[in-house]
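Observations on chain architecture
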Amino acid sequence: QVQLVETGGGLVQAGGSLRLSCAANGRIFSGYGMGWFRQAPGKEREFVAAIGWPDGSIYYADSVKGRFTISRDNAKNMMYLQMNSLKPEDTALYYCARRVRTTYYSTGGYDYWGQGTQVTVSS
């Protein structure tokens, strides 16, 4: 069964913005930190941002600091990633995931994953 579903991806010009959403099953959302990862063709899946429960520590990859903002709405079992000033190197499949370990920066710290939503930035 699908537990996490990402939406909001698309094709945008460099400098543009997108807002990604992650709709979660409340059973796996409540009480857990969450994170966003991305993977470009031929590359490893990399950490983008993480947020604790219920509104705890927030972490960002150096490559997105100052441009991306992670947030969550616990009443709606939703997580978001606001992406501004997009660059071609941001092009990737973006994944939502549930964190179960303190290693927020590694895929090993997460157990449930969505199917991904594609973000493509052109110039």
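The text that follows walks through the structure, step by step, so that each part is easy to find. (Residues numbered from 1 in each chain as written. Predicted model: local features only at pLDDT ≥ 70, side-chain atom pairs only at ≥ 80, totals over all residues. Heavy atoms only, no water.)

To continue, consider the state of the cysteines. Under the counting rule described, the total for this entry stands at one disulfide. Put simply, Cys22 and Cys96 are joined by a disulfide, and their sulfur atoms are 1.9 Å apart. Every disulfide takes its handedness from the sign of the S-S torsion; for Cys22 and Cys96 that torsion is -65°, giving left-handed. On the criterion of sequence distance, the pair formed by Cys22 in strand β3 (residues 18–24) and Cys96 in strand β9 (residues 92–99) is long-range, its members being 74 residues apart. Looking at Cys22, the relative accessible area reads 0%, which means it is buried. Residue classification places Cys96 among the buried residues on the basis of a relative accessible area of 0%. (Disulfide = S-S within 2.5 Å. Helix = DSSP H or I, 4+ residues; strand = E, 2+ residues; numbered from the N terminus. Buried < 20%, exposed > 50% of the residue type's maximum accessible area, 1.4 Å probe, protein only.)

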